[in-house]
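Report on the structure
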Amino acid sequence: MTTPTKHKKLIAWVDEITQLTKPEKVEWCDGSQAEYDKMIKIMLDEKLATPLKRPNCYLFRSDPSDVARVENRTYIASKNKEDAGPTNNWIDPNELKKTMTGLYDGCMEGRTMYVIPFSMGPIGSNIAKIGVEITDSPYVVSNMHLMTRVGTKVLEVLGDSGEFIPCLHSVGKPLQAGEKDNGKWPCAPLDKKYISHFPEERTIWSYGSGYGGNALLGKKCLALRIASVAARDEGWLAEHMLILSITNPQGKKKYVAAAFPSACGKTNLAMLIPTIPGWKVETVGDDIAWMKFGQDGRLYAINPEAGFFGVAPGTSLDSNYNAMKSIEKNSIFTNVALTEDKDVWWEGIGYKAPGKLIDWLGNEWEEGKSDKPAAHPNARFTAPASQCPAVAPEWEDPKGVPIDAILFGGRRPSTIPLVHQARDWNHGVFIGSIVGSEITAAALDLQAGTIRRDPFAMLPFCGYNMGDYFQHWINIGKKEGAKLPKIFFVNWFRKKDGKFIWPGYGENSRVLKWVFEQADGTGKFQDTAIGLMPTVDAIDRPEGVSEADMKDILSVDKEGWLKEIDDIRKNHYPKFGNKLPKELSVALDVLENRLKG
Ligand code: OXD
Ligand code: MN
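Reference entry: report on the structure contained in this document. Just so it is clear, the structure is predicted and the values come from calculations on it, not from any experiment.

**Brief notes about the pairing of strand β16 (residues 299–302)**
On β16, burial covers both faces: Leu299 and Ala301 on one face and Tyr300 and Ile302 on the other are all buried. Note that strand β15 (residues 289–293) and β16 share four bridges and pair antiparallel. The residue of β16 that forms the bridge with Met291 is Ala301. The hairpin formed by β15 and β16 contains five residues between the paired strands, and Gly297 there has a positive phi angle of roughly 85°.

**Concerning the site of ligand 1**
Near ligand 1 you find nine residues, and of these Arg69, Lys220, Ser262, Asp287 and Arg380 are the closest. Contacts to ligand 1 include Arg69, whose side-chain N or O atom sits 3.0 Å from an oxygen atom. The contact in question runs from an oxygen atom of ligand 1 to an N or O atom on the side chain of Ser262, over 2.5 Å. Against a free-state accessible area of 210 Å², the protein chains account for coverage of 92% of ligand 1.

**With respect to the nonpolar core**
Residues Trp290, Phe333, Trp346, Phe408 and Trp473 are the most contacted members of the largest nonpolar core, which totals 132 residues. Among the elements that take part in this core, helix α8 (residues 218–234) stands out by supplying nine residues, more than any other. Residues contacting Phe408, with those up to four places away along its chain left out, are Met241, Ala259, Gly428, Ile431, Gly432, Val435, Phe456, Trp473, Ile487, Phe488, Phe489 and Val490. Core analysis: the next-biggest nonpolar cluster, separate from the first, contains 34 residues, Val281, Phe493, Ile539 and Ile553 among them.

**Comments concerning the pairing of β15**
β15 sits mainly inside the fold: five of its five residues count as buried. Residue alternation in β15 divides its side chains into two sets, Ala289, Met291 and Phe293 and Trp290 and Lys292, and both sets are buried.

**Notes on the sheet that holds strand β20 (residues 344–345)**
Taken in spatial order, the four strands of this open sheet run β20-β19-β21-β22, and their pairing is antiparallel. Each end of this open sheet is capped by a strand with a single partner; those strands are β20 and β22 (364–365). In this structure, strand β19 (residues 337–339) lies alongside strand β21 (residues 357–358), joined through two bridges in antiparallel fashion. Residue pairing across strands places Leu338 opposite Ile358, the latter belonging to β21.

**Structural notes on the sheet that holds strand β18 (residues 332–334)**
The five strands lie next to each other as β2-β3-β18-β23-β17, forming an open sheet whose pairing is mixed. Each end of this open sheet is capped by a strand with a single partner; those strands are β2 (49–51) and β17 (307–311). The sheet shows a mean angle of 20° between the axes of neighbouring strands, direction not considered. Sheet topology note: the β2/strand β3 (residues 58–60) ladder contains three bridges and is antiparallel. When the bridges of β3 are listed, Ala49 appears paired with Phe60. Strands β2, β3 and β18 of the sheet are contacted by helix α2 (residues 33–45), whose axis makes an angle of about 105° with β2.

**A look at unusual backbone geometry**
Although it is not a glycine, Phe456 sits at a positive phi angle of roughly 55°. Topologically, Phe456 is positioned in the loop between β28 (451–453) and α12 (466–476). Its relative accessible area of 0% is what places Phe456 among the buried residues. Backbone geometry places Ala457, a non-glycine residue, at a positive phi of 55°. Tracing the chain through its elements places Ala457 in the loop between β28 and α12.

**Looking at the side chain of Asp404**
One can find Asp404 in the loop between β24 (401–402) and β25 (405–409). Owing to a relative accessible area of 14%, Asp404 belongs among the buried residues under this scheme. A polar side-chain atom of Asp404 sits 2.6 Å from a polar atom in the side chain of Arg298. Discounting residues that sit within four places of it in the chain, Asp404 has contacts with Lys254, Tyr255, Arg298, Pro485, Lys486 and Ala519.

**As for the pattern of salt bridges**
A side chain with one charge may pair with a side chain of the opposite charge, provided their charged atoms come close. Taken as a whole, this structure holds 46 salt bridges when the rule is applied. Between Glu394 and Lys253 there is a salt bridge, and its shortest N-O distance comes to 2.8 Å. Here the residue Glu394 occupies a position in the loop between β23 (380–384) and β24, and Lys253 occupies one in strand β13 (residues 253–259), the gap between them amounting to 141 residues. Take Lys253: its relative accessible area is 30%, and that puts it in the partly exposed class.

**A few points about the coordination of the manganese ion (ligand 2)**
Geometry reference: four tetrahedral donors at a metal, ideal angle 109.5 degrees. Six octahedral donors, ideal angles 90 or 180 degrees. Distances from the manganese ion (ligand 2) to its protein donors, namely Lys220 (NZ), His240 (NE2) and Asp287 (OD), fall within the range 2.2 Å. In the primary structure, the donors to the manganese ion (ligand 2) are separated according to the pattern K-x19-H-x46-D. Of this pair, Lys220 sits in helix α8 while His240 is found in the loop between β11 (237–239) and β12 (241–247), placing the two residues 20 residues apart along the sequence. Residue class for Lys220 comes out buried when judged on its relative accessible area of 6%.

The rules behind the values
- Residues numbered from 1 in each chain as written.
- Chains lettered and ligands numbered in written order.
- Predicted model: local features only at pLDDT ≥ 70, side-chain atom pairs only at ≥ 80, totals over all residues.
- Heavy atoms only, no water.
- Buried < 20%, exposed > 50% of the residue type's maximum accessible area, 1.4 Å probe, protein only.
- Helix = DSSP H or I, 4+ residues; strand = E, 2+ residues; numbered from the N terminus.
- Pairing = 2+ DSSP bridges.
- Near = heavy atom within 4 Å.
- Polar contact = N/O pair within 3.5 Å; in protein donor to acceptor, adjacent residues only side chain to side chain.
- Areas by Shrake-Rupley, 256 points an atom, 1.4 Å probe, with all protein chains shown as cover.
- Core = buried A, V, L, I, M, F, W, Y, C linked by side-chain atoms within 4.5 Å.
- Contact = heavy atoms within 4.5 Å.
- Axes fitted to C-alpha atoms, helices over the stretch in contact; angles between N-to-C directions.
- Salt bridge = Lys/Arg side-chain N within 4 Å of Asp/Glu carboxyl O.
- Donors = N, O, S within 2.8 Å, 3.2 Å for Na, K, Ca; no water.

Here's what the structure looks like:
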């Protein structure tokens, strides 16, 4: 195959990696449908893919050791340890490169090396960034086709000397002569997996995992960890946020970005169907937002991705109609269960398993007979965003959409009310910095059920010192002429007697309506010790929520907050040492005084 670019630096890098990893052959990806079909054919032949009855849909089962992001094998290898900060794993970059070069040596033997030029963001947008992923996984190539914009058109924009972020990936399973994968998902053992970032060089090296965020390097690695470093240096924001538009019955539209820790329902919120008549929500993105100041001083956001990599379990026509419609065709399913008539099934899909299934491990599974879930809790679908019935017509607008409100949230069974609003930008940064959530299944190596602080929902995704990141947010608020979004703290997950009080899903539109009104200056609110809150009549009570419960989730739990403050003071803020911006310790003091006063 001839090299489809004259970009010297890119060609030299591809040559260098070819010599190191020693693949059987090298292929440059053009992004065509024929290429996608070829990848699928390779994986069907290798018995890694199972065709489904949904048109152009396939099921994959990964290795049981390779089912989620591996946070304790994820590294920020900055030159100085302090630049990675207290929340990241750090290894000296020279040492890490030495170890990984040893692993990469010959790691693609017997495999094809694919070179995938991709754009995060609409091709040619001045907010977009170009990456090139080298991988030995056809699964990665096909998923990158859905999740990003790939191929020749990206090389055209890159030209002979454009900037790109090199992203090196290998599953870490070379093949001996004559050996085939033969139905076995290729990956390396856990202690050989490395998801490494070199922030000063803007480079990503991933080894040993073929799953999701570990392997689709445009997503968490580039669009969050590396982009957050670029954003700090260039004065913008790369955030773990969905983007939606909300339109009132009079046709007025506002844009909301919202950060929630992994598996807290960002995809559901991004696509919700309002239960309140006359209101409309449309989706711009479900996971990542890049926000830059426009000429008018407003923050404009793009969704750098082109698809959804959503958690399947719990997704049903009731919980997320638009996601279910998005995955009717041209989608990839990983670690869900298979029905006898070759459809997918998972826990929470909205109907009983139709007969016997094959579970995510490839074993027979029957309702009531097996105590293990049929789909892995972190089973995923990959689908093109363009297939979402609720996708906003402007979702690919290269200039982005102007953000009116930012929401922070997490799974908090107590203390945090349904919604409150920050008094000003710094108070909003304080709210972002204290986000916490009950742990879910999106990361392999964490204890499900406990609460961990996840500032800005960026704990696993911030590519530099989190204390400096807080400061960067404070600095954004100081920009001259900035017309900043309003900031809110939401919590759909309050519990009473072990049950959720708030119905969530489409009913969250009631809260979005108040957010809209607050951003519009027309909301009804009261000033409280923790911030601005809706008056009792400002949010309509959904069916099934009693007046007493509604009051409960819309009031200030003084004791709970004082405990929260104590925990922040003792266990959270001290981690950041002298990097903690003074504005945040001041905000904590002010909150305590207001509660006590
Ligand atoms: C994701 C995650 O996959 O946050 O989006 O883990
Ligand atoms: Mn995410």
